[in-house]
Amino acid sequence: MLGRLNHVAIAVPDLAVATATYRDVLGARVSQAQALPEHGVTVVFVELGNTKVELLEALGENSPIAGFLEKNPAGGMHHICYEVEDITVARDRLAASGARILGDGEPKIGAHGKPVLFLHPKDFHGTLVELEQV
Ligand code: CO
């Protein structure tokens, strides 16, 4: 069911500082910052040869990463995103196995314009898992 690793997301308290770390200290190719108000984050993509890292900064009042940053004020790994061919098939298979799908269980359009779902971290060994249909 799982395809490639699409990205690893790191929540950060200061996106400009984190972007400078990846660009200047680690020598990585980084995108311009993109505000995604419908997702409550501003994101910078770190382009790697085989995958991406997404740096996420909270945007707006009800950012989904606000609670995480309260618990992890220095930032930290927030979620990992795997590609699937058919997100509805994947969702139904996971639900049948007892895994909890976050939200209303319906795929939403994610930061890359593709359908995504999030899976409960307690069902996946303490890691928030995002599935993206590619
Ligand atoms: Co993501």
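Scroll up to find the structure this text is about.
Residues numbered from 1 in each chain as written. Predicted model: local features only at pLDDT ≥ 70, side-chain atom pairs only at ≥ 80, totals over all residues. Heavy atoms only, no water.

Run through unusual backbone geometry, naming residues and quoting values.
With a phi angle near 60°, His125 is a residue other than glycine that sits in the positive phi range. Inspection of the secondary structure puts His125 in the loop between strand S8 (115-119) and strand S9 (129-133). When its relative accessible area of 77% is taken as the criterion, His125 is described as exposed. (Helix = DSSP H or I, 4+ residues; strand = E, 2+ residues; numbered from the N terminus. Buried < 20%, exposed > 50% of the residue type's maximum accessible area, 1.4 Å probe, protein only.)

Which residues make up the layout of surface pockets, and what values go with them?
The calculated volume of the largest pocket comes to roughly 570 Å³. Taken together, 26 residues make up the lining of the largest pocket; nearest its centre are His39, Pro64, Val116, Phe118 and Glu130. When residues of the lining of the largest pocket are traced back to their parent elements, those giving at least two are strand S5 (52-58), strand S6 (76-84), S8 and S9. Top contributing element to the lining of the largest pocket by residue count: S8, with three residues. Its residues placed into classes, the lining of the largest pocket shows ten nonpolar, nine polar and seven charged. Size it by volume and the second largest pocket reaches roughly 220 Å³. Every residue along the wall of the second largest pocket is listed here: Pro64, Gly67, Phe68, Lys71, Asn72, Met77, His78, Pro121, Gly126, Thr127 and Leu128. Residue assignment for the lining of the second largest pocket shows that the elements contributing at least two residues are helix H2 (66-71) and S6. For the lining of the second largest pocket, the per-class residue count stands at five nonpolar, five polar and one charged. (1 Å grid on protein atoms, 1.4 Å probe; cavity = no way out; pocket = protein on both sides within 12 Å on 5 of 7 lines; lining within 4 Å. Points joined across faces, edges and corners; volume = space filled by probe spheres on them. Nonpolar A, V, L, I, M, F, W, Y, C, P; charged D, E, K, R; others polar.)

Can you break down the coordination of the cobalt ion residue by residue, with the values?
Put simply, a metal with four donors set out as a tetrahedron has ideal angles of 109.5 degrees, and one with six donors set out as an octahedron has ideal angles of 90 or 180 degrees. Surrounding the cobalt ion are the protein donor atoms His7 (NE2), His79 (NE2) and Glu130 (OE), which sit 2.0 to 2.1 Å from the metal. Mapping the donors of the cobalt ion onto the primary sequence yields the spacing H-x71-H-x50-E. Highlighted residues: His7 in strand S1 (residues 5-11) and His79 in strand S6, separated in sequence by 72 residues. (Donors = N, O, S within 2.8 Å, 3.2 Å for Na, K, Ca; no water.)

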